[in-house]
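One letter stands for each residue in the lines below.
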Amino acid sequence: QVQLVESGGGLVQAGGSLRLSCAASGGTFSSYRMGWFRQAPGKEREFVATISRSSGTPYYADSVKGRFTVSRDNAKNTVYLQMNSLNPEDTAIYYCAATVRYVVDTTHTRNYDYWGQGTQVTVSS
């Protein structure tokens, strides 16, 4: 079992930046694909970004491509989400997720086995 704890959320003005962190414990971090998802009020949880195990190859949702950067530090058991040029549409609870499975669709919530508790990101206009 792996435990995930997100941090770094908060309130920021449009155009600003935040860096989210997700610390993992209880498993072999380098063996997990990591993902970031978000859920806005009244909406389904949606994919934001994912990063592969060892090579650290990232993949992004179109809505955040060019603004967000996902990275990982396997020595620190931590994955990051750098968010720049934030806009009010980015307001949501952001969740970190992990899977040890090798899956085809890395953007779907069903393919991640472990989830953090989420961290709130609010972007004011």
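Report on the accompanying structure. (Residues numbered from 1 in each chain as written. Predicted model: local features only at pLDDT ≥ 70, side-chain atom pairs only at ≥ 80, totals over all residues. Heavy atoms only, no water.)

**A closer look at the environment of glycine 10**
Just so we agree on the cut-off: Helix and strand definitions follow DSSP, with helices as H or I runs of at least four residues and strands as E runs of at least two, each counted in order from the N terminus. Contacts are assigned to residue pairs that have any heavy atoms within 4.5 Å of one another.
Mapping glycine 10 onto the fold places it in strand E2 (residues 10–13). The sequence separation of glycine 10 and valine 64 amounts to 54 residues, and the corresponding C-alpha distance is 18 Å. When sequence neighbours within four positions are dropped, the list of residues in contact with glycine 10 reads Leu18, Gln120, Val121 and Thr122.

**Things to note about the nonpolar core**
Rules: Side-chain atoms within 4.5 Å link the members of a nonpolar core, which is a set of buried Ala, Val, Leu, Ile, Met, Phe, Trp, Tyr and Cys residues. Note on exposure labels: buried denotes an accessible area under 20% of the residue type's maximum, exposed denotes more than 50%, and partly exposed covers the range between, all computed with a 1.4 Å probe on protein chains only.
In terms of nonpolar packing, the biggest core is built from 34 residues, with Leu4, Met34, Trp36, Val79, Leu81, Met83 and Tyr94 touching the most fellow members. If you list the elements that add at least two residues to this core, you get strand E3 (18–25), strand E4 (33–39), strand E5 (46–51), strand E7 (68–73), strand E8 (78–83), strand E9 (92–99) and strand E11 (119–124). Of all the elements, E9 adds the most residues to this core, at 5 residues. Dropping the residues within four chain positions of it, leucine 81 is found in contact with Leu18, Arg19, Leu20, Trp36, Val48, Ala49, Phe68, Thr69, Val70 and Tyr94.

**Notes on the state of the cysteines**
For clarity, the threshold we go by: Disulfides are defined as pairs of cysteine sulfur atoms found within 2.5 Å of each other.
Going through the model one piece at a time under the given rule, you end up with 1 disulfide. Covalent S-S linkage joins cysteine 22 and cysteine 96, the inter-sulfur distance amounting to 2.1 Å. Its torsion about the S-S bond being -75°, the disulfide of cysteine 22 and cysteine 96 is classed as left-handed. Residue cysteine 22 is found in strand E3, and its partner cysteine 96 is found in strand E9; the two are separated by 74 residues along the sequence. The exposure class of cysteine 96 is buried, given its relative accessible area of 0%.

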